[in-house]
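What the coordinates show
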Amino acid sequence: NAGVTQTPKFQVLKTGQSMTLQCAQDMNHEYMSWYRQDPGMGLRLIHYSVGAGITDQGEVPNGYNVSRSTTEDFPLRLLSAAPSQTSVYFCASSLVLPDSNQPQHFGDGTRLSIL
Amino acid sequence: SQQGEEDPQALSIQEGENATMNCSYKTSINNLQWYRQNSGRGLVHLILIRSNEREKHSGRLRVTLDTSKKSSSLLITASRAADTASYFCATSGAGSYQLTFGKGTKLSVIP
């Protein structure tokens, strides 16, 4: 099993550009989520999905879109990149919801810089 | 807003010593989890403790949970240089769709 795979690993964008961060998991997990990690801020939840076709907002959703057309994939879209979105982005998945005592599996992250 | 807060923010110890990190949280939880993050990598799950448990062990790791004080501690015994990493606690409430992370403790183990 590859686990959770994120692409690309690094990306530099100009302000106003759009892009999609890819996340795929091969563990048949229902729950997937996106976090951003900023220095001194820990991880903050952007969006999450409890299954194919179902998504919802987390703590910091503004400027980001998600969709979940398959169980395996959960892409994160930046609509119009802003310097404040410079961060490290992590995708995570788990078999079921976080309150059901299942661990989260994380990808290695995408390091995004917005100039 | 952040649910968990780790203490200390940074910790430096000699190899072979024990390392203790603390986590405090604000609201009732269903479980509390600890994760490790090596530099430049994703988070790796270490241990999960349920709200009705008080202590749990896994290898050199010992986690305690005090729901009356809304706090948890992670003890790493006989530390190794390879334990150098950031450690995060994360909480989930009953019926919650979210796992909420603290800001982490940066542990440095000096050989």
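Some remarks on the overall build of chain A
From N to C terminus, chain A includes 0 helices and 11 strands. Against the 2.2 N^0.38 benchmark of 13 Å for 115 residues, chain A shows a C-alpha radius of gyration of 13 Å, consistent with a compact globule. Burial statistics for chain A: of 115 residues in total, 50% are counted as buried. Taking contacts inside chain A between residues at least 6 apart in sequence as the whole, the part at least 24 apart equals 54%. For chain A, the computed accessible surface area is about 5,000 Å², with 52% contributed by carbon and sulfur atoms. Of the charged side chains in chain A, 7 are positive and 9 negative; the average position of the first set lies 12 Å away from that of the second.

Things to note about the environment of Ser69(A)
Residue and element names in this part refer to chain A. Tracing the sequence through the fold places Ser 69 in the loop between β7 (64–66) and β8 (76–78). The class of Ser 69 is exposed, set by a relative accessible area of 68%. Distance in space between the C-alpha atoms of Ser 69 and Arg 111 is 25 Å, their sequence separation being 42 residues.

Things to note about the pairing of strand β11 (residues 105–110) of chain B
Residue and element names in this part refer to chain B. With burial as the criterion, only one face of β11 is covered, namely that bearing Thr 105, Leu 107 and Val 109; the residues Lys 106, Ser 108 and Ile 110 on the opposite face remain uncovered. Here strand β2 (residues 10–14) runs beside β11; their pairing, made up of 5 bridges, is parallel. Directly across from Ala 10, in β11, lies its bridge partner Lys 106. Sheet topology note: the strand β9 (residues 85–92)/β11 ladder contains 3 bridges and is antiparallel.

Considering the pattern of salt bridges
Summed over all chains, the structure comprises 5 salt bridges over all chains. Close ionic contact of Arg44(A) with Asp38(A) constitutes a salt bridge, the shortest N to O distance being 2.8 Å. Comparing Arg44(A) with Asp38(A) shows no difference in burial state: the two are buried. Among the ionic pairs, Asp108(A) bridges to Arg41(B), the shortest N-O distance being 3.1 Å. Pair noted here: Asp108(A) is in the loop between β10 (105–106) and β11 (110–114) and Arg41(B) is in the loop between β4 (31–37) and β5 (43–50), and the two residues belong to different chains.

Digging into the sheet that holds β7(A)
Residue and element names in this part refer to chain A. The antiparallel open sheet is built from 4 strands, whose spatial order is β1-β3-β8-β7. Of all strands in the sheet, those with a lone pairing partner are β1 (4–7) and β7, marking the two edges. Averaged over neighbouring strand pairs, the angle between their axes works out to 20° when direction is ignored. Strand direction decides the pairing type here: strand β3 (residues 19–25) and β8, joined by 3 bridges, are antiparallel. Each bridged residue has a counterpart across the sheet, and for Leu 21 the counterpart in β8 is Leu 76.

Thoughts on the packing of aromatic side chains
Applying the stated criterion to the full structure yields 9 aromatic pairs over all chains. Considering the side-chain rings of Tyr35(B) and Phe101(B), the 5.5 Å spacing of their centres and the 55° angle between planes classify their relative orientation as tilted. On the criterion of sequence distance, the pair formed by Tyr35(B) in strand β4 and Phe101(B) in strand β10 (residues 100–101) is long-range, its members being 66 residues apart. Ring pairing ties together the aromatic residues Tyr35(A), Phe90(A), Phe106(A), Tyr35(B) and Phe101(B), which thus form one cluster.

Observations regarding the side chain of Gln33(B)
Take Gln33(B): it is sitting in strand β4. Here the side chain of Gln33(B) touches Asn31(B) through a polar contact of 3.1 Å, side chain to side chain. Engagement of the side chain of Gln33(B) in a polar contact is seen with the side chain of Tyr35(B), the distance being 2.5 Å. The contact partners of Gln33(B), leaving out residues within four places of it in the chain, are Pro98(A), Gln102(A), Pro103(A), Gln104(A), His45(B), Ile47(B), Leu48(B), Phe88(B), Cys89(B), Ala90(B) and Leu99(B).

Quick word on the confidence of the model for chain B
A residue-level look at chain B finds 96% of positions with pLDDT of 70 or above and a mean pLDDT of 92. Ranking the elements of chain B by mean pLDDT puts strand β1 (residues 5–7) of chain B last, at 82, and strand β7 (residues 61–66) of chain B first, at 98.

The rules behind these values
- Residues numbered from 1 in each chain as written.
- Chains lettered and ligands numbered in written order.
- Predicted model: local features only at pLDDT ≥ 70, side-chain atom pairs only at ≥ 80, totals over all residues.
- Heavy atoms only, no water.
- Helix = DSSP H or I, 4+ residues; strand = E, 2+ residues; numbered from the N terminus.
- Rg over C-alpha atoms; globule rule 2.2 N^0.38 Å.
- Buried < 20%, exposed > 50% of the residue type's maximum accessible area, 1.4 Å probe, protein only.
- Contact = heavy atoms within 4.5 Å.
- Areas by Shrake-Rupley, 256 points an atom, 1.4 Å probe, with all protein chains shown as cover.
- Lys, Arg positive; Asp, Glu negative; His and termini not counted.
- Charge placed at Lys NZ, Arg CZ, Asp CG, Glu CD.
- Pairing = 2+ DSSP bridges.
- Salt bridge = Lys/Arg side-chain N within 4 Å of Asp/Glu carboxyl O.
- Axes fitted to C-alpha atoms, helices over the stretch in contact; angles between N-to-C directions.
- Phe/Tyr/Trp six-rings, centres within 6.5 Å; stacked < 30°, edge-to-face > 60°.
- Polar contact = N/O pair within 3.5 Å; in protein donor to acceptor, adjacent residues only side chain to side chain.
- pLDDT = per-residue confidence, 0-100.

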